[in-house]
Amino acid sequence: MIQLSIKKFEEGLVNEDAAKVTEKWIAVSDGAGGGGVFADRWSRYLLDNLPDSPICNYSEFDAWMEGIWETFYNECENLAKAEGGMLLNKFYDEGSFATLVAVWQGGEWISYGDSVAFCYDKTSGVLQHSFGKLVDFNNPPYLINCKDATSEQGFRCGKFEINDDCVVFAASDALAHYIMMMYEVAHRKDYVSELQEAIDAKTKDSNFINAAMGLKEVNFRRDVLGKLLKCKNSSDRFTSRLVAIRHKGLIGLDDYSFVAM
């Protein structure tokens, strides 16, 4: 089991991600600080209340959310009232936002937003994941709000085909983009159109893809997943790995979370 989460490489910032592993599941929640307040609390709260049994469809997800949101809202309303002023108004107007991705032991997964679940077969070299295409990272993610109803359009679910040679893991958006990108670059003959579509979008992610395409060789199992797994549960090693990836121009500046089982 691996559970790693670090904040952006800047002073004075809070890590708004949450990452958690249990005997039953692994999960990541990316608190979105661009709107609302208490994003770091909300991401942790979602993971602390995740059920041990898989959520298998949107109705079950909606019922789970309906059962947990009010306690968080009341606690944070009291905190916001103590602070008063702009914070309280912002909480009432906007609430708190976060993504969520989780994978249970049997391979069942759910996602809401752009955090991503993965399953890599070390024998076949095939990577399964919960996301769409690389270019979709350019779209604003669906976000779970502590005070508003979720959208069925934002919810995804599925089940990975798992065997003894599989590694199951999950990551928040910037790291997830790096993992997907490097896999596709390592198998670029199979992903020509998807890579080109993301490059043609001419976003910051396009720059990362161009940098990856310029690498002499990409061995996904050894150079990408293997090096992340070697971080084990060391935040220092994880930080060093992300600094090295950033130095090569392959990933955006963000909070980074990685869990594996």
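On a predicted model such as this, the values are computed, not experimentally measured, just so you know.

Parameters and conventions
- Residues numbered from 1 in each chain as written.
- Predicted model: local features only at pLDDT ≥ 70, side-chain atom pairs only at ≥ 80, totals over all residues.
- Heavy atoms only, no water.
- Pairing = 2+ DSSP bridges.
- Helix = DSSP H or I, 4+ residues; strand = E, 2+ residues; numbered from the N terminus.
- Axes fitted to C-alpha atoms, helices over the stretch in contact; angles between N-to-C directions.
- Contact = heavy atoms within 4.5 Å.
- Phe/Tyr/Trp six-rings, centres within 6.5 Å; stacked < 30°, edge-to-face > 60°.
- Buried < 20%, exposed > 50% of the residue type's maximum accessible area, 1.4 Å probe, protein only.
- Lys NZ or Arg CZ within 6 Å of the ring centre and 35° of its normal.

S.K.: Mind showing me how you'd approach the sheet that holds strand E8 (residues 127-129) here?
M.R.: Strands belonging to one sheet form pairs held by backbone hydrogen bonds; the direction of such a pair is parallel or antiparallel. Here five strands make up an open sheet; going across it, the order is E1-E12-E11-E7-E8 and the pairing antiparallel. Both edges of this open sheet fall to strand E1 (2-6) and E8, since each of them pairs with a single strand only. This sheet shows a mean twist of 15° between the axes of neighbouring strands, independent of strand direction. Pairing geometry for strand E11 (residues 166-171) and strand E12 (residues 256-260), over three bridges, is antiparallel. Within E12, the position partnered with Ala-170 by the bridge is Val-259. Strands in contact with helix H7 (residues 220-229) are E1, strand E7 (116-121), E8, E11 and E12; relative to E12, the strand with the most contacts, it is inclined by about 95°.

S.K.: Got a minute to help me understand the packing of aromatic side chains in this structure?
M.R.: For any pair of aromatic rings, the description rests on two quantities: the centre-to-centre distance and the angle between the ring planes. Taken as a whole, this structure holds 21 aromatic pairs when the rule is applied. Aromatic pair Phe-169 and Phe-258: ring centres 5.8 Å apart, planes at 40°, arrangement tilted. Taken as a pair, Phe-169 in strand E11 and Phe-258 in strand E12 lie far apart in primary sequence, 89 residues in all. Judged by relative accessible area, Phe-169 falls into the buried class, the value being 0%. These aromatic residues form a ring-pair network of at least three members: Tyr-58, Phe-61, Trp-64, Tyr-112, Tyr-142 and Phe-155. Note that Arg-156 overlies the ring of Phe-131, its terminal NZ or CZ placed 5.9 Å from the centroid.

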